[in-house]
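Overview (structure and organization)
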Amino acid sequence: MDLKQAVSQIINEEWDGALEELTFEGPYEGEDLFVFVGLRHEPQDFEERNARMRHRVRDLGYDVGMVVDLVDDLVPA
Amino acid sequence: MPEVEYAKQTQRFVQLLLDLGVTNPWFYRMMIGRLYYAAHHLARRLLVEAGLQPDQWRGAVHRQTIDGLQTHYVTTGRLTTSALDGLDELRDLRNRVDYRLDCAVRLRNVNCALTLFHRFARETWAILGVS
């Protein structure tokens, strides 16, 4: 399994029903990979899921940038 | 310590801009960038205190800084994983808003950056013995 596949699997597992978008971008400043995670809503346990995702990805041993945010189109004005 | 003074100034001015009701995306990008670099300089100060010389590093400086904190502060119990995560996540947020000019930057992103900055800076200041 390559790095993108491994990161995608972790993100899908951690965000489950809240995941709306998963996009690989950049990398911007020397990261091995950079990923944007777009959510359709913020789960109540957001902090726990976010920390767990970051730690699991970090444990893969690569420099992976990650931003998790609500998908703009879905945020009420 | 100039790093501490810079961090406190950054925190003060970001809060001032938010209190003034600034909503311009240029300011949002600027605030997130300044918050990250203020935290990054605090991190480098910690590494100097641990006997490292981050000013001698060439390449992957930001990754090395985070890895250095992990080795010299988190594994020794002086800094929490949560605080280091704050710096790491702030770095990622700063990269995205500085490089993806086509993506909107929202007030919630600035508030997120401020929260991450506080999480890291509070523990850093405690380690450095400043209030």
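See above for the structure.
These figures come from a predicted structure and were not determined experimentally. Throughout this document, residue positions are counted from 1 along each chain, in the order its sequence is written. Each chain gets a letter, beginning with A, and each ligand a number, beginning with 1, in the order they are written. Reporting in this predicted model follows two pLDDT cut-offs: at least 70 for local features of residues, and 80 or more for side-chain atom pairs to be given and counted; totals over whole chains, interfaces and linings ignore these cut-offs and use all residues.

Take the interface of chain A and chain B next. Here the contact rule is simple: place C-beta atoms from the backbone, and any two residues whose C-beta atoms are within 7 Å are in contact. Counting residues at the interface gives 13 residues for chain A and 12 residues for chain B. Helical segments are the DSSP runs of H or I of at least four residues, strand segments are the runs of E of at least two, and each set is numbered from the N terminus. When contributions to the side of chain A that touches chain B are tallied by element, the ones reaching two or more residues are helix H2 (46-58) and strand S3 (64-70) of chain A. Looking at which element gives the most residues to the side of chain A that touches chain B, the answer is S3 of chain A, with three residues. Throughout, the ten residues Ala, Val, Leu, Ile, Met, Phe, Trp, Tyr, Cys and Pro are labelled nonpolar, Asp, Glu, Lys and Arg are labelled charged, and all others, Gly among them, are labelled polar. Grouping the constituent residues of the side of chain A that touches chain B by class yields five nonpolar, three polar and five charged.

Quick look at helix H1 (residues 2-19) of chain B now. Residue and element names in this part refer to chain B. Every helix has an expected span of 1.5 Å times one less than the residues it contains. For H1, with 18 residues, the first-to-last C-alpha span of 25 Å sits near the 26 Å given by 1.5 Å per residue. With C-beta atoms placed from the backbone, a residue is labelled by how many other C-beta atoms lie within 10 Å of its own: buried for 20 or more, exposed for 12 or fewer, partly exposed between the two. Those residues of H1 that sit buried are Ala 7, Thr 10 and Val 14. Relative to the axis of H1, the buried residues are bounded by an arc of 60 degrees and lie together on one face. Summarising the geometry of H1, the exposed residues directed more than 90 degrees from the buried face are Pro 2, Glu 5, Gln 9, Arg 12, Phe 13, Gln 15, Leu 16 and Asp 19. Each element contacted by the buried residues of H1 is listed here: helix H2 (25-49) and helix H5 (107-128). A positive backbone phi angle near 85 degrees is found at Gly 21, which sits one or two residues after H1. This arc describes the spread of directions from the helix axis toward the C-beta atoms.

Residue and element names in this part refer to chain A. Along the chain, the position of Asp 69 falls in strand S3. For Asp 69, a count of 20 C-beta atoms within 10 Å gives the class buried. For the pair Asp 69 and Arg 40, spaced 29 residues apart in sequence, the C-alpha separation works out to 8.9 Å.

Let us now look at the environment of Gln 11 of chain B. Residues and elements named next belong to chain B. Inspection of the secondary structure puts Gln 11 in helix H1. In this structure Gln 11 comes out as partly exposed when scored by C-beta crowding, with 17 C-beta atoms within 10 Å. Put simply, Gln 11 and Leu 114 are 103 residues apart on the chain and 7.9 Å apart in space, counted from C-alpha to C-alpha.

Cis rather than trans, the peptide bond between Gly 26 of chain A and Pro 27 of chain A has omega equal to 0 degrees. Summarising the element assignment, Pro 27 of chain A is placed in the loop between strand S1 (19-25) and strand S2 (33-39). In this structure, Asp 16 of chain A takes a positive phi of about 45 degrees despite not being glycine. Inspection of the secondary structure assignment puts Asp 16 of chain A in the loop between helix H1 (3-15) and S1. Notably, Ala 60 of chain B is not glycine yet its phi reads approximately 50 degrees, a positive angle. Structurally, Ala 60 of chain B is set in the loop between H2 and helix H3 (61-74).

Any functional reading would require information that these geometric values do not contain.
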